[in-house]
Amino acid sequence: MMTPQQSRAELSAVSEAAVADAVELAGRVNGSPESRRLALLDTVPGVIDYYATGAAAAAADFYDERRQLAEVKRSYATELFIADRTVKIRRAVAWASEPLFAEMSVTLEQRLSEIVQSEVAYPYRDTIIGNRKKDPQAAGWRRVQGDSCRFCRMLADRGAVYRKATATFAAHPNCDCSAEPVFFGQEPGPEASAIQYMASRRNRTPATRQRIRDYLDANYPE
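Criteria and thresholds
Residues numbered from 1 in each chain as written. Predicted model: local features only at pLDDT ≥ 70, side-chain atom pairs only at ≥ 80, totals over all residues. Heavy atoms only, no water. Salt bridge = Lys/Arg side-chain N within 4 Å of Asp/Glu carboxyl O. Helix = DSSP H or I, 4+ residues; strand = E, 2+ residues; numbered from the N terminus. Buried < 20%, exposed > 50% of the residue type's maximum accessible area, 1.4 Å probe, protein only. Patch = residues over 30% accessible without salt bridge, like charges linked within 9 Å, V, L, I, M, F, W, Y side chains within 5 Å. Areas by Shrake-Rupley, 256 points an atom, 1.4 Å probe, with all protein chains shown as cover. Lys, Arg positive; Asp, Glu negative; His and termini not counted. Charge placed at Lys NZ, Arg CZ, Asp CG, Glu CD. Pairing = 2+ DSSP bridges. Expected span 1.5 Å × (residues − 1). Arc of directions from axis to C-beta. Core = buried A, V, L, I, M, F, W, Y, C linked by side-chain atoms within 4.5 Å. Contact = heavy atoms within 4.5 Å. Phe/Tyr/Trp six-rings, centres within 6.5 Å; stacked < 30°, edge-to-face > 60°. Lys NZ or Arg CZ within 6 Å of the ring centre and 35° of its normal.

## Quick notes on the pattern of salt bridges
Following the criterion strictly, the structure yields 10 salt bridges and no others. Two residues, Arg28 and Glu24, come together in a salt bridge whose shortest N-O distance is 3.6 Å. Remark: Glu24 and Arg28 occur in helix α1 (residues 4-28); sequence separation between them is four residues, near one turn of the helix. On the accessibility criterion, Arg28 (55% relative accessible area) is exposed. The class of Glu24 is partly exposed, set by a relative accessible area of 46%. Ionic pairing is found between Arg150 and Glu222, a salt bridge with its closest N-O pair at 3.3 Å. Here Glu222 lies in the segment after α7 (206-219) and Arg150 lies in helix α5 (residues 150-156), a separation of 72 residues in the sequence.

## What about a positive patch on the surface?
A contiguous patch of positive charge on the surface is contributed by Lys88, Arg91, Lys133 and Arg202. Considering the arrangement of structural elements, one finds Arg91 in helix α3 (residues 86-96).

## Some details on the pairing of strand β1 (residues 138-144)
In terms of burial, β1 is largely enclosed, as seven of its seven residues are buried. Here β1 pairs with strand β2 (residues 161-162) via two bridges, running antiparallel. Looking at β2, one finds that Trp141 is bridged to Tyr162.

## A word on α7
With 14 residues, α7 should cover 20 Å at 1.5 Å per step; its first-to-last C-alpha distance of 20 Å lies within 8% of that length. Buried within α7 are the following residues: Thr208, Ile212 and Leu216. Buried residues along α7 cover an arc of 75° about the axis, so they all sit on one side. Residues of α7 that are exposed and point more than 90 degrees away from the buried face comprise Pro206, Ala207, Arg211 and Ala218.

## Details of the nonpolar core
Counting 57 residues, the largest nonpolar core has Leu40, Val116, Phe151, Met154 and Ile212 as the members making the most contacts within it. Per-element accounting of this core gives the leading share, 10 residues, to helix α2 (residues 33-69). Sequence-distant contacts of Leu40, defined by excluding residues within four places in its chain, comprise Leu25, Ala26, Pro45, Val93, Ser97, Leu108 and Leu112.

## Observations regarding α3
Those residues of α3 not exposed but buried are Ile89, Ala92, Val93 and Ala96. The arc enclosing the buried residues of α3, seen along the axis, measures out at 100°, which places them on a common side. Residues of α3 that are exposed and point over 90 degrees away from its buried face: Val87 and Arg91. In this structure, the buried side of α3 is in contact with α2 and α4 (108-134).

## A word on the packing of aromatic side chains
The tally for this structure, following the rule as stated, stands at seven aromatic pairs. For the ring pair Tyr63 and Tyr76, a centre distance of 6.2 Å and an interplane angle of 50° mean the geometry is tilted. Here Tyr76 lies in the loop between α2 and α3 and Tyr63 lies in helix α2, a separation of 13 residues in the sequence. Members of the aromatic cluster, each reached through a chain of ring pairs, are Trp141, Tyr162, Phe169 and Tyr197. Over the face of the ring belonging to Phe169 we find Arg143, whose NZ or CZ atom lies 4.2 Å from the ring centre. One cation-aromatic arrangement involves Lys164 over Tyr197; the distance from NZ or CZ to the ring centre is 4.5 Å.

As far as function goes, none of this settles anything; it's purely spatial.
The following block contains the structure:
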């Protein structure tokens, strides 16, 4: 059975393969900036869709393995959670194409890499958290930290378990963290703190963001 870190590494490998395919594809398209952007809009979403399905399937397998390891008796049919993000992906690909039209400090490849990595990671995390919400035997989920920033270190600190069903997975561009389900009957570890729940929200007010920055400066200095 995979450990949480091995499963996180598997997600990273899937994301890296997706990025490599998208960047290679971008290098093959020729013509005017407009035609190249159109070609990317026609092809990159398909690359993301292919690898996103693979990431969600990997997460479902990991969820089942952790459930088996926890010796959960009641059966449960694990699902794939893949949101329809077509409109957002197309907008993101258009944004990534901006360096085709003007000299910029970032490249098309850099922007594409950021988009593809994030979009492939979403279904993995959504599958873990979505099944946790539906599975009566799931007590919560835990963040599995990668080689990441102080923000991610804070969110994963103490092996905190996010028990509230409203908790979301906060991620920054190129974030390589993943998620692990936690089940009743295990030794789950401490529940996420108020600041961890606050920082995990997707929508944060300016005041909340400043409070989080102050907390990071005080407890996780650069």
